[in-house]
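Structural characterization, general
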Amino acid sequence: MSTADAALTQKFDWSSESAAARRRRRHRADRRLRTIGVVAISIAIGLLGILIVSLVSTGYRAFVQTMVTVPVYVDPQFVNEDDPSKGNYRAIVKGTLETLFPEVTDPREQRELARLLTNNTQFMIRAKVVADPKLIGTTFDIRVPVSDPFDQLNKGVIDRDLPEDRRKINDKQIGWYDKLEAEGRVSTPFNWGLFVNSDSRFPELAGLAGAIVGSFYALLVCFLISFPVGIAAAVYLEEFAPKNRWTDLIEVNINNLAAVPSIVFGLLGLAVFLNFFGLPRSAPLVGGMVLSLMTLPTIIIVTRASLKAVPPSIREAALGMGASRHQVITHHVLPLALPGILTGTIIGLAQALGETAPLLLIGMNAFITSPPGGLLDASTALPTQIFIWADSPERGFVDRTSAAILVLLGFLIIMNGIAIFLRQRLERTW
Amino acid sequence: MNQAANAEAPARSAETIVVDDPNMNPIRVAAKDTSVYYGQKQALFDVSIDIPERSVTSFIGPSGCGKSTFLRCINRMNDTIDGCRVEGLITLDERNIYDPSLDVVELRARVGMVFQKPNPFPKSIYDNIAYGPRIHGLATNKSELDGVVESSLRKAGLWEEVKDRLDDPGTGLSGGQQQRLCIARAVAVSPEVILMDEPCSALDPIATAKVEELIDELKENYCIIIVTHSMQQAARVSQRTAFFHLGILVEVGPTEHIFTNPKDERTHDYITGRFG
């Protein structure tokens, strides 16, 4: 009998102190590993929590808007009855303020008083009168946003106890505002303007409608380009391409493409789409094309992984039945891979939705006050709108930046939710 | 001790030993000097064999002996494997199946295959059976297709068990039922040859008995070639048996002959359980 055999047959003492110590050490290592994991998760969730709390704590204010309801007398002498869009609506606003505050007569004070209401009050009145010319000569109540400093005053951001020279509004203006509030004219409803207005110089009027529509168009273009192209490329590479040096090279390049910084794609879009092909600047079409360059590698990689995950037995079954290559792919492999492909596509699109740098380079950070009417109209997108607002000095834009980020996060959560739903709904077991 | 047993056994032969059977049916599939290479590695060496119609031929041999490789040559499933190369001649009804003029799609419809692991499509039972007739355009209308589905399921002995739930997924059946579904699916395109690659290795004994019974019935109409690891199964279901070893076809002949009176030393050692 060799020494190795002797070592095996020798009875090992499981109850010895050294064996017990070794077991304890192993259990300790298990606990340590688990603790490290829990700590790591806590850090991740904690950081996410800080982000959300800080966004919500500044952003919540932008979801309500201080409004004031004022009576408007549409004096026929200021309005052209045949064409109500022409008229001196500024004077009508002035008249409104004079009826509300008859004691203010000094022109300088009147100008200060006028700053209470949003600058666009006259246009809002005009819009109402144009819509219903019968209002000419009557008095009606209209609810308009107060201008940003008074909005902030109402929301408690501007401190009344500060010395007058250190705030944006003086004591007299606060007095006028308080009078309106005492009359019950001030209200703070949900700020629908955030979703139905487009960008504006005035924070109280600025909204995300243009950015949302722009992002939608850009993502639509991105999807229409990258989904079919990505799937076709992935199917070719996975199912048809011979395995040789060239396909290896293509594969390496696609994987690298997924890791290229997005600003590089932006430069490419600027050089090729705008300068070479002469496509319009700031257009969602170009934005979508640039974003599709970024989602394309993601979709190709995800699709290939999904195709690979289809069990070979299904392919063999179909091939064994005499199905041709394309029948195997379209009847069996693609339908089985579809949940994975869709999930990956939606996650790729969600990434594209949040992408800022390439859109900046093709000019989608312009100041545009109306939603784009089509793919070629100048537009902004959600992340670039956030970028623009974050750059603006007015206090109201600080709130709106956070609010816009929350809206963007909301869209991302919805898209990821759809991805999870599709995966659970379509996934088949075999 | 081993020496003594070997002394009685027959010697190794360099050539394939073919034991002829005067009652053998006409030949349907024939291979001549077929060699298969996976890249540089040769997996099958000059296999020549005649396989008769309307009977069961079983391929036995230890793991890695090339019996599955040869089986997959017969419907050119090896085409799908990168770097696989087939040399020699394999004929189906005296026509070279590797001839460029023969469409592989047609070949696979004429040579059906049942795999080791039941692999129904993740579709309904009906669609599983109807898939082949549909892609090959074998049925012109719905009632004809219904007829094909029913007769295929009947041939596979599955009709009574599933006739009330044809719309249920095929993957919801038990393992044995799934394998019979796969056989029904292969039968649905009226093949001439059915290849079975260890069809019972994933099944329990009762399901195995049912599939074997089914194979016995199917041999009345089809040329069946079955690869099996179970020598008892080969003895039970097949009329002819071929023994493969290390990529060489060692011996082929009537099943009772192979199991009772093997001519080659290796066949003798294998069937007496000395290796494998």
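Residues numbered from 1 in each chain as written. Chains lettered and ligands numbered in written order. Predicted model: local features only at pLDDT ≥ 70, side-chain atom pairs only at ≥ 80, totals over all residues. Heavy atoms only, no water.

**A closer look at the overall build of chain A**
Scanning chain A for helices and strands turns up 17 helices and three strands. In terms of overall dimensions, chain A is more spread out than a globule: its C-alpha atoms have a radius of gyration of 32 Å, far above the 22 Å expected for 430 residues. Across its three principal directions, the C-alpha atoms of chain A cover 120 × 65 × 40 Å. A burial count over chain A gives 44% of its 430 residues as buried. A separation of at least 24 residues holds for 74% of the contacts in chain A among residues at least 6 apart in sequence. Summed over all atoms, the accessible surface of chain A reaches about 22,700 Å², with 62% contributed by carbon and sulfur. (Helix = DSSP H or I, 4+ residues; strand = E, 2+ residues; numbered from the N terminus. Rg over C-alpha atoms; globule rule 2.2 N^0.38 Å. Buried < 20%, exposed > 50% of the residue type's maximum accessible area, 1.4 Å probe, protein only. Contact = heavy atoms within 4.5 Å. Areas by Shrake-Rupley, 256 points an atom, 1.4 Å probe, with all protein chains shown as cover.)

**Re the interface of chain A and chain B**
At the junction of the two partners, chain A supplies 19 residues and chain B supplies 24 residues. A combined buried area of about 1,700 Å² lies between chain A and chain B, and 63% of that area is made up of carbon and sulfur atoms. In terms of surface lost to chain B, no three residues of chain A exceed Glu316(A), Leu319(A) and Met321(A), which account for 35% of the buried area on that side. Remark: the boundary between chain A and chain B carries one salt bridge. One can count five residue pairs in polar contact (both at pLDDT 80 or more) joining chain A with chain B. Those elements that place two or more of their residues in the side of chain A that touches chain B are α13 (312-320) and α14 (325-353) of chain A. (Buried area = accessible area lost by both parts, 1.4 Å probe. Salt bridge = Lys/Arg side-chain N within 4 Å of Asp/Glu carboxyl O. Polar contact = N/O pair within 3.5 Å; in protein donor to acceptor, adjacent residues only side chain to side chain.)

**Digging into the pattern of salt bridges**
All names here are of chain B. All chains considered together, the criterion is met by 34 salt bridges over all chains. In this structure, Arg 76 engages Asp 79 in a salt bridge whose closest nitrogen and oxygen atoms are separated by 3.0 Å. Since its relative accessible area comes to 37%, Asp 79 is described here as partly exposed. Where salt bridges share partners, they join Arg 28, Glu 53, Arg 54, Asp 93, Glu 106, Arg 110 and Glu 192 into one cluster.

**A look at the domain arrangement of chain A**
All names here are of chain A. Its domain assignment divides chain A into domain 1 (62-127 + 134-191) and domain 2 (209-426). Spacing between the C-alpha centres of domain 1 and domain 2 amounts to 45 Å. Contacts between domain 1 and domain 2 engage seven residues on the former and eight residues on the latter. Of the roughly 620 Å² buried between domain 1 and domain 2 on both sides combined, carbon and sulfur atoms contribute 58%. On the domain 1 side of the contact with domain 2, Ala 62, Phe 63 and Gln 152 bury the most area, a combined 57% of that side's loss. The interface formed by domain 1 and domain 2 contains two residue pairs in polar contact (both at pLDDT 80 or more). (Domains from an automatic or database assignment.)

**Thoughts on unusual backbone geometry**
For Ser282(A), which is not glycine, the phi torsion reads 65° and is therefore positive. Summarising the element assignment, Ser282(A) is placed in the loop between α11 (262-276) and α12 (284-309). Its relative accessible area of 8% is what places Ser282(A) among the buried residues. In the Ramachandran plot, Ser190(B) falls in the positive-phi region, its phi being about 50° despite a non-glycine side chain.

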